[in-house]
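Here's the letter readout for the chains.
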Amino acid sequence: MQLRHLINLHKGTTALVIGALMLAYANGSLGAWVYLALHGTYGMLWLLKERIFPDRQWQQPIDWFPAVGMFLVLALYCLAPLLLISSGAVPPLPLVAVAIALNLLGVFLHFGSDAQKHFVLQLQPGLIDDGFFARSRNTNYLGELLIYLSFALLAMHWLPYTVLAGFAFAVFLPNMRKKDASLSRYPGFAAYRERSGLLLPRLLG
């Protein structure tokens, strides 16, 4: 078993879980349907991404016991739809609009940067310091954070923000620092680091 199998299973079953929650709580409100559309579609797009331009860092093998633990940790992302749908609360339309905008921007940054990285490295391995990565060294992580921030907004509860912060500091930040350490072997990295942000794009300079 590889780590990607767990992630794919989690992402691929997201729409089914949300649909089951809507049925269980008899909640067919606008907020529930919008959440299903955004999070469910993101799960399906992830599977397409895995098929077209997979990320090699998720292809590492994992034993069964830690795999079960990892899947339970990933299940924390289901707190947002559970809280939203079980509460019966309907997000105000301005909040829905902001969530959709953040989600679209996040998907664009996440998938676009991952595609650039995948296909550029196939042709010429080395430092990627242009395109999506010109001003941010981790545009893909920025996009993913925006995606899950949109889900947290729709849930209208503090718990999804806590889960997102936990993943950001326990998973994303160590991976970003590990990436910087790996890229530091390239001659142009020092100059690239000066003109780019670790996560947020450095727009000036």
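Read on for a plain summary of the structure. (Residues numbered from 1 in each chain as written. Predicted model: local features only at pLDDT ≥ 70, side-chain atom pairs only at ≥ 80, totals over all residues. Heavy atoms only, no water.)

1. Some points on the pattern of salt bridges
Inclusion rule: Here, a salt bridge means any Lys or Arg side-chain nitrogen found within 4 Å of an Asp or Glu carboxyl oxygen. Secondary structure elements are taken from DSSP: a helix is a run of H or I of four residues or more, a strand is a run of E of two residues or more, and numbering for both begins at the N terminus. Accessibility here uses a 1.4 Å probe with only protein chains present; expressed as a share of the type maximum, an area under 20% marks a residue as buried, one over 50% as exposed, and anything in between as partly exposed.
Under the definition given, this model contains 7 salt bridges. The residue Asp 114 makes a salt bridge to Lys 117 at a minimum N-O spacing of 4.0 Å. With Asp 114 and Lys 117 both in helix H6 (residues 93-123), this residue pair falls 3 residues apart, about one helical turn. Taking relative accessible area as the criterion, Asp 114 reaches 4% and is therefore assigned buried.

2. Focus: unusual backbone geometry
Residues other than glycine predominantly adopt negative phi, and peptide bonds predominantly adopt the trans conformation. Not every positive phi belongs to a glycine, and Ala 26 is a case in point at roughly 50°. Structurally, Ala 26 is set in the loop between helix H2 (14-24) and helix H3 (30-52). Despite not being glycine, Met 156 shows a phi value in the positive range, around 55°. When its relative accessible area of 36% is taken as the criterion, Met 156 is described as partly exposed.

3. Examining the packing of aromatic side chains
The criterion, for reference: Only centres within 6.5 Å qualify two rings of Phe, Tyr or Trp (six-membered ring in Trp) as a pair; their planes then separate them into stacked at under 30 degrees, edge-to-face at over 60, and tilted for everything else.
If you walk through the whole model with that rule in mind, you get 12 aromatic pairs. Arranged with centres 4.4 Å apart and planes meeting at 15°, the rings of Tyr 77 and Phe 167 form a pair that is stacked. Of the two residues, Tyr 77 sits in the loop between helix H4 (64-74) and helix H5 (79-87) while Phe 167 sits in helix H8 (residues 158-183), which places them 90 residues apart along the sequence. Residue classification places Phe 167 among the buried residues on the basis of a relative accessible area of 9%.

4. Concerning the side chain of Asn 27
Here is the rule we go by: Residues adjacent in sequence count toward polar contacts only when both atoms are side-chain atoms; beyond that, a polar contact is any pair of N or O atoms within 3.5 Å, and within protein one must be able to donate a hydrogen and the other to accept it. Any two residues whose heavy atoms approach within 4.5 Å at even a single point are treated as in contact.
Tracing the chain through its elements places Asn 27 in the loop between H2 and H3. Here the side chain of Asn 27 touches Ile 85 through a polar contact of 2.9 Å, landing on its backbone oxygen. The residues contacting Asn 27, other than those within four sequence positions of it, are Met 22, Ala 32, Leu 84, Ile 85 and Gly 88.

5. Things to note about a nonpolar patch on the surface
For clarity, the threshold we go by: The patches described consist of residues with a relative accessible area above 30% and no salt bridge, like charges being joined within 9 Å and nonpolar side chains (Val, Leu, Ile, Met, Phe, Trp, Tyr) within 5 Å. Each accessible area is a Shrake-Rupley result for a 1.4 Å probe, and residues are judged covered by the shown protein chains and nothing else.
A surface patch of nonpolar side chains, amounting to about 280 Å² of accessible area, comprises Leu 30, Val 90 and Leu 93. Mapping Leu 93 onto the fold places it in helix H6.

6. Thoughts on the packing of H2 against H5
Worth spelling out the cut-off: Note on geometry: axes are C-alpha line fits, over the in-contact stretch for helices, and angles between N-to-C directions span 0 to 180 degrees. Oblique is the label for any angle not under 35 degrees, not over 145, and not in the 65 to 115 range, which are roughly parallel, roughly antiparallel and roughly perpendicular in turn. Crossings are classed by handedness, with left-handed meaning an anticlockwise turn of the near helix from the far one by less than a right angle and right-handed meaning a clockwise turn. In this classification, Asp, Glu, Lys and Arg are treated as charged, Ala, Val, Leu, Ile, Met, Phe, Trp, Tyr, Cys and Pro as nonpolar, and every other residue, Gly included, as polar.
Across the interface, H2 lies against H5 with an axial gap of 9 Å and an inter-helix angle of 20°. One finds that H2 runs roughly parallel with respect to H5. Considering the relative orientation of H2 and H5, their crossing is right-handed. Residue-level contacts link Ile 18, Leu 21 and Met 22 of H2 to Pro 81, Leu 82 and Ile 85 of H5. A breakdown of the residues in the contact of H2 with H5 according to their chemical character gives 6 nonpolar, no polar and no charged.

7. Details of the layout of surface pockets
Put simply, the test is: Grid points spaced at 1 Å and placed over the protein atoms alone form the basis of the search, with a cavity being a set where a 1.4 Å probe fits but cannot get out and a pocket an open set showing protein on both sides within 12 Å along at least five of seven lines. Lining residues have an atom within 4 Å of a point. Grid points are joined across faces, edges and corners, and a volume is the space filled by probe spheres set on the points.
Computed from the structure, the largest pocket encloses a volume of approximately 1400 Å³. For the lining of the largest pocket, the leading source of residues is H8, giving 12 residues. Residue classes in the lining of the largest pocket are distributed as 25 nonpolar, 13 polar and 11 charged.

8. Re the environment of His 10
Its location among the elements puts His 10 in helix H1 (residues 3-12). Under the relative-accessibility criterion, His 10 is labelled buried at 6%. Expressed as a C-alpha distance, the spacing of His 10 and Val 96, which sit 86 residues apart in the sequence, is 24 Å. Those residues within four positions of His 10 in sequence are excluded, and the remaining contacts are Phe 71, Leu 74, Ala 75, Tyr 77 and Cys 78.

9. Comments concerning the nonpolar core
This is how the line gets drawn: For the purposes of this section, nonpolar cores are sets of buried Ala, Val, Leu, Ile, Met, Phe, Trp, Tyr and Cys residues that join through side-chain atoms within 4.5 Å.
Core analysis: the biggest nonpolar cluster contains 46 residues, and Tyr 35, Tyr 42, Phe 151, Leu 154 and Phe 172 have the highest contact counts within it. Looking at this core, the elements with two or more residues in it are H1, H2, H3, H4, H5, H6, helix H7 (139-155) and H8. With residues up to four places along the chain from it excluded, the contact list for Leu 154 reads Val 34, Tyr 35, Leu 38, Leu 84, Pro 91, Val 96 and Ala 99.

10. A closer look at H8
The test is simple: Multiplying one less than the number of residues by 1.5 Å gives the expected span of a helix. Working definition for bend: take the seven residues up to and ending at a residue and the seven starting at it, fit an axis to each, and measure the angle between the axes.
Over its 26 residues, H8 runs 36 Å from end to end, which matches the ideal 38 Å to within 8%, given 1.5 Å per residue. Of all bends in H8, the biggest is about 35°, found at Ala 168. Listing the buried residues of H8 in full gives Pro 160, Val 163, Leu 164, Phe 167, Ala 168, Phe 172, Leu 173, Met 176, Asp 180 and Leu 183.

Interpretation note: all reported values are geometric properties and have no functional meaning in isolation.
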